[in-house]
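One-letter residues, chain by chain:
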Amino acid sequence: TELPYKFESGTPNTVGIAGLGAGLKFIAREGMEKILAHEQSLTVRLLDGLSQISGVTVYRAKDRVNQAPIVSFTTDRSGPGEAGAILDQAFDIKVRAGLHCAPVAHRTMGTFPQGTIRLSPGYFNTAAEIDFTLQSIGKIARMGSLEEQYSGSSKK
């Protein structure tokens, strides 16, 4: 009958609370500057690499200072859903493909209705993983869509 307990609807999320605590301790131990610097270096590596792959269009901040460690791109020869599935199944690279719950943003970027493929490099990723991802995207950009491959009309 007393606050805040009278508004508690069930068992507190103790696992979530413990995870949040462990995460905060990790951040305090590593330091935000170190985490941010690593994520920024991976993001720059990813953006530079994607910009060199023929048939890939990158959607990014106008300047690197405002670039979050989230990178969206499309390929000329495969839709985002198809390319995302190939990255997942053939290369074990996890991405998010589509409109990312932001159809208005995609209308603004000109990527509606298919959306983009989104990568989010994080603190636990390595430069080698970014390089592997770039090689994999390069293969997808060169191979064309599955429909083209099966119909024999690929633009290779």
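Throughout what follows, the structure given in this document is the object of discussion. Every chain begins its residue count from 1, and numbering advances along the sequence as written. Only residues with pLDDT of at least 70 get local features here, since the model is predicted, and only at 80 or more are side-chain atom pairs given and counted; chain-wide, interface and lining totals rely on the full set of residues. Note that water and hydrogens are dropped before the side-chain values are worked out from all heavy atoms of the structure.

**A closer look at the nonpolar core**
Thinking step 1. Ranked by internal contacts, the top residues of the largest apolar core, which has 20 residues, are L46, L50, I53, V56, F73, L87 and I137.
Thinking step 2. The set of elements that each furnish at least two residues to this core consists of α2 (32-51), β2 (71-75), α3 (80-91), β4 (116-119) and α5 (127-143).
Thinking step 3. In this text, helices come from DSSP runs of H or I with a minimum length of four residues, and strands from runs of E with a minimum of two, each type numbered from the N-terminal end. In terms of residues, this core owes the most to one element, α5, which gives five residues.
Thinking step 4. Setting aside anything within four residues of it in sequence, one finds I137 in contact with L50, I53, V56, F73, L87 and L119. In plain words, nonpolar cores are sets of buried Ala, Val, Leu, Ile, Met, Phe, Trp, Tyr and Cys residues tied together by side-chain atoms within 4.5 Å. Exposure classes here rest on a 1.4 Å probe applied to the protein chains alone. A residue is buried below 20% of its type maximum, exposed above 50%, and partly exposed in between. The criterion used for residue contact is that any of the two residues' heavy atoms lie within 4.5 Å.

**Observations concerning the packing of α2 against α5**
Thinking step 1. Direction vectors running N to C along α2 and α5 enclose 20°, while the axes themselves pass 10 Å from each other. The angle between α2 and α5 falls in the class roughly parallel. The chirality of how α2 crosses α5 is right-handed. Between α2 and α5, the contacting residues are L42, R45, L46, G49 and L50 on the first element and A127, I130, D131, L134 and I137 on the second.
Thinking step 2. Classifying every residue of the contact of α2 with α5 by side-chain character gives seven nonpolar, one polar and two charged. Every axis corresponds to a line fitted to the C-alpha atoms, with the helix fit spanning only the stretch in contact, and the corresponding angles, defined between N-to-C directions, vary from 0 to 180 degrees. Angles below 35 degrees are treated as roughly parallel, those above 145 as roughly antiparallel, those between 65 and 115 as roughly perpendicular, and all remaining angles as oblique. Left-handed is the label given to a crossing in which the near helix is rotated counterclockwise from the far helix by less than a right angle, and right-handed is the label when the rotation is clockwise. For this scheme, ten residues count as nonpolar: Ala, Val, Leu, Ile, Met, Phe, Trp, Tyr, Cys and Pro. Four count as charged, namely Asp, Glu, Lys and Arg, and the remainder, Gly too, count as polar.

**Side note on the sheet that holds β2**
Thinking step 1. What the four strands build is an open sheet, ordered β1-β2-β4-β3; its pairing is antiparallel. Two strands in the sheet have a free side with no partner beyond their single neighbour: β1 (56-59) and β3 (96-98). Strand after strand, the sheet turns through a mean of 30° between neighbouring axes, direction not considered.
Thinking step 2. At least two DSSP bridges between two strands are needed for those strands to be called paired. When β1 meets β2, the two strands line up antiparallel, connected through four bridges. Looking at β2, one finds that Y59 is bridged to S72.

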